[in-house]
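The chain contents come next:
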Amino acid sequence: DQQVKQNSPSLSVQEGRISILNCDYTNSMFDYFLWYKKYPAEGPTFLISISSIKDKNEDGRFTVFLNKSAKHLSLHIVPSQPGDSAVYFCAAPHRFAGNQFYFGTGTSLTVIP
Amino acid sequence: DAGITQSPRHKVTETGTPVTLRCHQTENHRYMYWYRQDPGHGLRLIHYSYGVKDTDKGEVSDGYSVSRSKTEDFLLTLESATSSQTSVYFCAIANAVGDTQYFGPGTRLTVL
C-alpha cells in the first residue's frame, strides 16, 4: 500500500510562473518530509525538507508547505526556470524501521521557456 | 556531493545469470540502501543495512540478496536474473535515523 502518493505524473508550467507539486501521505507516524529532484541518468538529489513541527520551510525559490490535518504537503517553485525541469519525488522516513524512506511515484515537471 | 559510487554503471545480462552490483561510500555513514526505480512506481526499497553485517528486507526484496562486510561497501546480488529485474538501481546512504539520504548515480541493468 502506497504510504506516500503523488497523484500527478506530470506538470507543465511557463517559465516565470509558479509550479506547485503535491504529495499526500497516509502514515500519521511520519514526522519529517523531503523533496528530491532527479534529472535523467542521474541519482536523486536532496532539494528541501520540512519537519512536522513546522508548516512551512523556504529555501530561495523553493517553499514546502505541510498541512498535517490533511496529511498533505506541497512544493512551490517561484519563479519556475527551464533548469527546474526534472522529476520531483516526495519522501518520508520511517524512523522505527531502519530509517527506510517511502517515496512517491514522482511528478515530471516541464518548464516551458 | 556525498562520496557514493556505483559499479557498474550499465550492464546487460541474460536471464538466469548471477549479477552483483556494488555500492561504495567514502562518508563512513552507517545506513546504506538499495532501491530500484521503475516507471509508475517511483523508488522502491529492496534491502537496507544499518551496520556491518546487519541487513534487512525492504518492500521488493524477492530475488535479491545483499551483503555488507565493510562499512564502505554494500553489495546487491541477483542470484538468477529475470527480465522483471530490468531496472535502474540506486544506492543511498544516511548517517543516522532521521537524516537525509544521499543517492549514488545509479546502475542501469538490462536482463535479456
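Residues numbered from 1 in each chain as written. Chains lettered and ligands numbered in written order. Predicted model: local features only at pLDDT ≥ 70, side-chain atom pairs only at ≥ 80, totals over all residues. Heavy atoms only, no water.

When the parts come together, some accessible area is lost, and that loss is often what is quoted as the size of the interface. Contacts between chain A and chain B engage 19 residues on the former and 23 residues on the latter. Counting across the interface, chain A meets chain B through zero salt bridges. The interface formed by chain A and chain B includes one residue pair in polar contact (both at pLDDT 80 or more). At the level of elements, β4 (32-38) and β10 (100-103) of chain A are the ones that each hand at least two residues to the side of chain A that touches chain B. (Contact = heavy atoms within 4.5 Å. Salt bridge = Lys/Arg side-chain N within 4 Å of Asp/Glu carboxyl O. Polar contact = N/O pair within 3.5 Å; in protein donor to acceptor, adjacent residues only side chain to side chain. Helix = DSSP H or I, 4+ residues; strand = E, 2+ residues; numbered from the N terminus.)

Attention shifts here to the nonpolar core. In terms of nonpolar packing, the biggest core is built from 23 residues, with Phe33(A), Trp35(A), Leu73(A), Leu75(A) and Tyr88(A) touching the most fellow members. Listing elements by their share of this core, those giving two or more residues are β3 (19-25), β4, β5 (45-51), β7 (62-67), β8 (72-77), β9 (86-94) and β11 (107-112) of chain A. The greatest single-element share of this core, amounting to four residues, is contributed by β9(A). Setting aside its immediate chain neighbours within four residues, Tyr88(A) contacts Gln6(A), Leu21(A), Trp35(A), Tyr36(A), Lys37(A), Leu47(A), Leu75(A), Ile77(A), Gly106(A), Thr107(A) and Leu109(A). In terms of nonpolar packing, the next biggest core, distinct from the first, is built from 19 residues, Met32(B), Ile46(B), Val66(B) and Phe74(B) among them. (Core = buried A, V, L, I, M, F, W, Y, C linked by side-chain atoms within 4.5 Å. Buried < 20%, exposed > 50% of the residue type's maximum accessible area, 1.4 Å probe, protein only.)

All names here are of chain A. Among the surface-exposed residues, Ile 18, Ile 20 and Val 78 lie close enough to one another that they form a single nonpolar patch of about 230 Å² accessible area. On the secondary structure map, Ile 18 appears in the loop between β2 (10-14) and β3. For Ile 18, a relative accessible area of 40% translates into the label partly exposed. (Patch = residues over 30% accessible without salt bridge, like charges linked within 9 Å, V, L, I, M, F, W, Y side chains within 5 Å. Areas by Shrake-Rupley, 256 points an atom, 1.4 Å probe, with all protein chains shown as cover.)

A few words on the pattern of salt bridges. All names here are of chain A. Counting across every chain of the model gives seven salt bridges over all chains. Lys 37 is paired through a salt bridge with Asp 84; the nearest N and O atoms lie 3.9 Å apart. Of the two residues, Lys 37 sits in strand β4 while Asp 84 sits in the loop between β8 and β9, which places them 47 residues apart along the sequence. Looking at Lys 37, the relative accessible area reads 11%, which means it is buried.

Per the counting criterion, the structure on display carries 17 aromatic pairs over all chains. On the basis of an interplanar angle of 40° and a centroid distance of 5.8 Å, the ring pair of Phe30(A) and Tyr102(A) is categorised as tilted. With Phe30(A) in the loop between β3 and β4 and Tyr102(A) in strand β10, the pair connects residues that are 72 residues apart, well separated along the chain. Here the aromatic rings of Tyr48(B) and Tyr50(B) are separated by 6.3 Å at their centres, their planes lie at 50°, and the arrangement is tilted. You can call Tyr48(B) buried: its relative accessible area is 4%. Tyr50(B) sits in the partly exposed class, given a relative accessible area of 29%. Taken together, the aromatic side chains of Tyr36(A), Phe46(A), Phe89(A), Phe101(A), Phe103(A), Tyr31(B), Tyr33(B), Tyr35(B), Tyr48(B), Tyr50(B) and Phe103(B) make up a single cluster linked through ring pairs. (Phe/Tyr/Trp six-rings, centres within 6.5 Å; stacked < 30°, edge-to-face > 60°.)

Keep in mind that these numbers describe shape and distance, not what the molecule does.
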